[in-house]
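What the coordinates show
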Amino acid sequence: MSDEPIDLATALAAFDQLWSPRIVTRVNDYDVRIAKVAGEHVWHAHDHTDEFFLVLDGELRIALRDGDGERTVVLPRGAVYVVPRGVEHRPSSVEGASILMFEPSGTVTVGDRHDAVPDHVDATTGHPL
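Residues numbered from 1 in each chain as written. Predicted model: local features only at pLDDT ≥ 70, side-chain atom pairs only at ≥ 80, totals over all residues. Heavy atoms only, no water.

All told, the structure shown has 10 salt bridges when counted by the stated rule. The salt bridge involving Glu59 is made with Arg61; its shortest N-O contact spans 3.6 Å. Exposure remark for Glu59: the relative accessible area of 35% places this residue in the partly exposed category. When its relative accessible area of 33% is taken as the criterion, Arg61 is described as partly exposed. A salt bridge links Glu70 to Arg65; its shortest N-O distance comes to 3.5 Å. On the basis of relative accessible area, Glu70 is assigned to the exposed category, the value being 53%. Among the residues examined, Arg65 registers a relative accessible area of 30% and is labelled partly exposed. (Salt bridge = Lys/Arg side-chain N within 4 Å of Asp/Glu carboxyl O. Buried < 20%, exposed > 50% of the residue type's maximum accessible area, 1.4 Å probe, protein only.)

Here it is, written out as structure tokens:
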């Protein structure tokens, strides 16, 4: 990890892969990850951790399934949202977005439980920037 400031626009310009997060830095035992997204991710849940999203550019939608059924939250640029641990969710973006996520190091992008992982989704714990 760098001991210099990291410009997120420059970091995002360094890769093109969708749904393939890059680890920008670490805070204690947490990764700060950035990703470019478009289309749909996969329905999944993280059983032991919440998942924090910040939309840097574009619009992100997060479909949620819980005891009350299914709903979708819409996050415009600058919005943050936390998916509580154990809640099934599926991020998506119609026009594409850039996002920042904050989660424990080693957390798999498709969670502990998930649907079949399509080819366009990278099931990873994050890649170095």
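The next subject is unusual backbone geometry. Here Trp19, not a glycine, exhibits a phi torsion of approximately 55°, which is positive. Structurally, Trp19 can be placed in the loop between helix 1 (8-13) and strand 1 (22-27). Among the residues examined, Trp19 registers a relative accessible area of 4% and is labelled buried. At Asn28, a residue that is not glycine, the phi angle is positive and equals roughly 55°. (Helix = DSSP H or I, 4+ residues; strand = E, 2+ residues; numbered from the N terminus.)

Turning to the packing of aromatic side chains, a few remarks are in order. In total, this model carries one aromatic pair according to the counting rule given. Between Tyr30 and Phe102 the ring centres are 5.0 Å apart and the planes differ by 10°, which places this aromatic pair in the stacked class. Taken together, the positions of Tyr30 in strand 2 (residues 30-40) and Phe102 in strand 8 (residues 88-104) put the pair 72 residues apart, joining distant regions of the chain. For Phe102, a relative accessible area of 29% gives the class partly exposed. Note that Lys36 overlies the ring of Phe15, its terminal NZ or CZ placed 5.3 Å from the centroid. When the ring centre of Trp43 is taken as origin, the NZ or CZ atom of Arg65, which lies over that ring, is 3.8 Å away. (Phe/Tyr/Trp six-rings, centres within 6.5 Å; stacked < 30°, edge-to-face > 60°. Lys NZ or Arg CZ within 6 Å of the ring centre and 35° of its normal.)

The subject of this paragraph is the side chain of Glu103. In this structure, Glu103 sits in strand 8. A distance of 2.9 Å separates polar atoms of two side chains, one belonging to Glu103 and the other to Arg33. (Polar contact = N/O pair within 3.5 Å; in protein donor to acceptor, adjacent residues only side chain to side chain.)

Note that strand 1 and strand 2 share five bridges and pair antiparallel. For Arg26, the partnering residue across the bridge sits in strand 2 and is Asp31. Linking two consecutive strands that pair antiparallel, namely strand 1 and strand 2, is a turn of two residues; a positive phi of about 55° is found at Asn28 within it. Across 10 bridges, strand 2 lies against strand 8 in antiparallel orientation. Note that in strand 8 the partner of Glu40 across the bridge is Ser92. (Pairing = 2+ DSSP bridges.)

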